[in-house]
Amino acid sequence: MLSERPPLLRSGTELRRHQVDALAGMLTELIAANQTALNGNGNGAVAAEELAEIDDEEDEPVAEGGEPEPEPEPDPGAVRRYRFRHPTASGKTIAAAGFVEAARTAGVLILTHRRLLVSQFNRELKAEGYGDRLTPQIERGRRAPRDNPITIQTYAWFARHVGDLSRDAYHLVICDEAHTALGEKTSAAIRSFPEPVYVGMTATEQLIAKQVSDVFPASVDDLPLQDAARRGLIAPLRCLRVPPVAAIHSVPIVGGDFEERALAAVLDHTALNQAAASLYRDRFEDTPGIVYAAGVDHAYNLAKEFRAVGLKAEAVSGRTPPVRLAETLAAYERGEINVLINAMLLAEGWNSPRATVCMHLAPTASRRVYQQRIGRIMRTHARKEAGVVVDFVPKAATHTERVITLHALLGADFYREGARVTPAPRRRPQRRARRKLSPAPWLVPVTPDVRRRLAVIAREWQRIDPRYLDEDEQRFWAQIAGRQVRFEERVEFVKKLTAANTTKSALEQFLFTCAAENPNRRLRM
């Protein structure tokens, strides 16, 4: 397939560069594994007698207590398990179809974590021309209806029925959202089925304390989110920070994230829900979006308030019957619904190119959850200039806070309201979508690194809003501003220095420096 120019799926869809990179990386790893199997360690075979002598000379590893270290459990299939990381919305499903096309003569098993995504994979593979290969699961003792079947199932089904699957029918297993395959039952099932080659696809490497590399050791490709933004593979992201009204410092973190019931008890109040609905209406009107709530009941209460202010909103959850859920998602695609409110149901797997706003009414302490949430608005669309992320944190909150923010996820040094946080694409898309947020004229450093904060202040002193700086940083800013301010900017800077939360020492530092060092004679004394 890689020899074709350009590489195409059966339907004629052309693979993009990063999707080809994943296939090329996989081919390289398979060739390397094959060479290692033929040549030992790749540097020439060593005689068995020499290996025995080396083993005798080496001491056995001993733990601190004097006991030998326990040997890891054998995992013969680990050498055939690979992974690649691409951001959400960059086209992992098409990349999976590329692996299906590459395995034209081999059986393929695709695993995903929700029944909804099984239907989505079936639909998209049929659209790409592989509908004739779709086959129900092939069990032991049964003959495959064809030599190259494709079966799509959930991880839960696989964990229950792995012992019943044919060992000869499937040669490639594609694991969607591979970070959800790290649980004990699923990972044990994968290890017990070592014959096929595995490819794990993920947008995040971690699930609480476990890493995707624990189950899928070899990485064949890694595309950071910033690089995907530069290439124009995903929609740019803008950010709006809203100071929170409710304090969540008392909510405990359990299993890597806020405890849901305690968080809902703090956030699920009528006044807060009404304020959130009014905020969405006033800032975004009918812009399509998705809102994350602190639990199912909170989601339904929010939907009620959103509809009360005239927004076309609907809540979905695990309680929603499958038929009703499918109808609601279809209505969202048609534009009959503009705001979908949920707890975690739509955090992974579901995609809608028209979704533009992601509002975190329920904050999260998990980078993985946050990254999956914002992935819902990162698909490009003709009417989408950029995705908008709404974080409920103070405007000057640093990355050390308990709550994950877009700036913390991307390691951004400063917050500028409404500005693009992801890098600008190298080629600007040829569309004229209306901007939902305009950049503010001010900014504030949010990195916890002191040197980087001072570097931001020194570089962007004209746009810094000193109200959000501490006293030492205000004096540092005032010294730079007093030295470089121009005569025609004096009124603007006086307003900044006399605003609330600006200290008297900063004003004095500005005046002293301006009088002593400013090159403009009208500002010097």
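Residues numbered from 1 in each chain as written. Predicted model: local features only at pLDDT ≥ 70, side-chain atom pairs only at ≥ 80, totals over all residues. Heavy atoms only, no water.

Chemist: What exactly am I supposed to notice about the overall build of the protein chain here?
Modeler: Within the protein chain, the regular secondary structure consists of 17 helices and 18 strands. Considered along the principal axes of its C-alpha atoms, the protein chain spans approximately 90 × 65 × 55 Å. Looking at the protein chain as a whole, 50% of its 525 residues are labelled buried. A total accessible area of about 26000 Å² is found for the protein chain, and carbon and sulfur atoms account for 50% of it. Taking the 73 positively charged and 67 negatively charged side chains of the protein chain as two groups, their mean positions are separated by 13 Å. (Helix = DSSP H or I, 4+ residues; strand = E, 2+ residues; numbered from the N terminus. Buried < 20%, exposed > 50% of the residue type's maximum accessible area, 1.4 Å probe, protein only. Areas by Shrake-Rupley, 256 points an atom, 1.4 Å probe, with all protein chains shown as cover. Lys, Arg positive; Asp, Glu negative; His and termini not counted. Charge placed at Lys NZ, Arg CZ, Asp CG, Glu CD.)

Chemist: Any chance you could explain unusual backbone geometry here in plain terms?
Modeler: For residues besides glycine, phi is generally negative; the peptide bonds are generally trans as well. We note that Glu177 has phi near 45°; this positive angle belongs to a residue other than glycine. Along the chain, Glu177 falls in the loop between strand E4 (172-175) and helix H6 (184-191). Of note in this structure, Glu285 is not a glycine but carries a positive phi near 50°. Mapping Glu285 onto the fold places it in the loop between helix H9 (270-284) and strand E12 (289-292).

Chemist: Would you mind going over the packing of H9 against helix H10 (residues 296-308) with me for this structure?
Modeler: What describes two packed helices is the angle between their axes and the distance between those same axes. Contact pair H9 / H10: the axes reach a minimum separation of 9 Å and the direction vectors enclose 55°. Taken as axis vectors, H9 and H10 run oblique relative to one another. Crossing geometry of H9 relative to H10 is assigned as right-handed. Of the residues in H10, those touching H9 at Thr270, Asn273, Gln274, Ala276, Ala277 and Tyr280 are His298, Asn301, Leu302, Glu305 and Phe306. Considering only residue class, the contact of H9 with H10 consists of five nonpolar, five polar and one charged. (Axes fitted to C-alpha atoms, helices over the stretch in contact; angles between N-to-C directions. Parallel < 35°, antiparallel > 145°, perpendicular 65-115°, else oblique. Left-handed = near helix turned anticlockwise from the far one by under 90°. Contact = heavy atoms within 4.5 Å. Nonpolar A, V, L, I, M, F, W, Y, C, P; charged D, E, K, R; others polar.)

Chemist: It is not clear to me how the packing of aromatic side chains should be interpreted in this structure. Could you clarify?
Modeler: The description of two aromatic rings rests on the distance between their centres and on the angle between their planes. For the structure on display, the rule yields 10 aromatic pairs. Pairwise contacts between aromatic rings join Trp461, Trp477, Phe493 and Phe510 into one cluster. Stacked on the ring of Phe487, the Lys or Arg Arg522 has its end atom at 3.9 Å from the ring centre. (Phe/Tyr/Trp six-rings, centres within 6.5 Å; stacked < 30°, edge-to-face > 60°. Lys NZ or Arg CZ within 6 Å of the ring centre and 35° of its normal.)

Chemist: Would you explain the pattern of salt bridges in this entry?
Modeler: Two side chains bearing opposite charge may form a pair once their charged atoms approach each other closely. In total, this model carries 22 salt bridges according to the counting rule given. Between Asp297 and Arg319 there is a salt bridge; the shortest N-O distance is 3.2 Å. Residue Asp297 is located in helix H10, and its partner Arg319 is located in the loop between strand E13 (313-315) and helix H11 (322-334); the two are separated by 22 residues in the primary sequence. According to the relative accessible area criterion, Arg319 is exposed, its value standing at 56%. Bridged by salt links that share partners, the residues Arg10, Asp132 and Arg146 form one connected network. (Salt bridge = Lys/Arg side-chain N within 4 Å of Asp/Glu carboxyl O.)

Chemist: In this structure, what is going on with the pairing of strand E15 (residues 357-360)? I would like to understand it.
Modeler: The side chains of a regular strand alternate between both faces of the sheet. The side-chain alternation of E15 yields two buried faces, one formed by Val357 and Met359 and the other by Cys358 and His360. Strand direction decides the pairing type here: E12 and E15, joined by four bridges, are parallel. Bridge assignment links Ile290 to a residue of E15, and that residue is Cys358. Two elements, E15 and strand E16 (residues 387-391), share three bridges in a ladder whose sense is parallel. The residue of E16 that forms the bridge with Val357 is Val388. In this view, the connection linking E15 to its parallel neighbour E16 by way of helix H12 (residues 367-374) has right-handed handedness. (Pairing = 2+ DSSP bridges. Right-handed = clockwise from strand over helix to strand, strands pointing away.)

Chemist: Looking at this structure, I do not really get the nonpolar core. What am I missing?
Modeler: One broad trend across soluble globular proteins is that nonpolar side chains are buried collectively. Ranked by size, the top nonpolar core spans 82 residues in total, and within it Phe306, Ile341 and Trp477 carry the most contacts. Apart from residues no more than four positions distant in its own chain, Phe306 is found in contact with Ala276, Ala277, Tyr280, Val291, Leu311, Ala313, Val339 and Ile341. The next biggest cluster of nonpolar side chains, apart from the first, holds 31 residues, and it includes Leu23, Met26, Val197 and Ala218. (Core = buried A, V, L, I, M, F, W, Y, C linked by side-chain atoms within 4.5 Å.)

Chemist: Honestly, the sheet that holds E12 in this entry has me stumped. Any pointers?
Modeler: What links the strands of a sheet is backbone hydrogen bonding, and the strands pair in either a parallel or an antiparallel sense. The parallel open sheet is built from six strands, whose spatial order is E9-E16-E15-E12-E14-E13. Looking at the sheet topology across the chains shown, the edges are occupied by strand E9 (237-241) and E13. Strand after strand, the sheet turns through a mean of 20° between neighbouring axes, direction not considered. Sheet strands in contact with H12 are E9, E12, E15 and E16, and its direction is about 150° off that of E15.

Chemist: Would you take a moment to explain the sheet that holds E4 for this structure?
Modeler: One open sheet accounts for six strands, arranged E3-E2-E4-E5-E1-E8; its pairing is parallel. The open sheet has two edge strands with one neighbour each: strand E3 (150-154) and strand E8 (218-222). Going across the sheet, the axis of each strand differs from the next one's by a mean of 20°, ignoring polarity.

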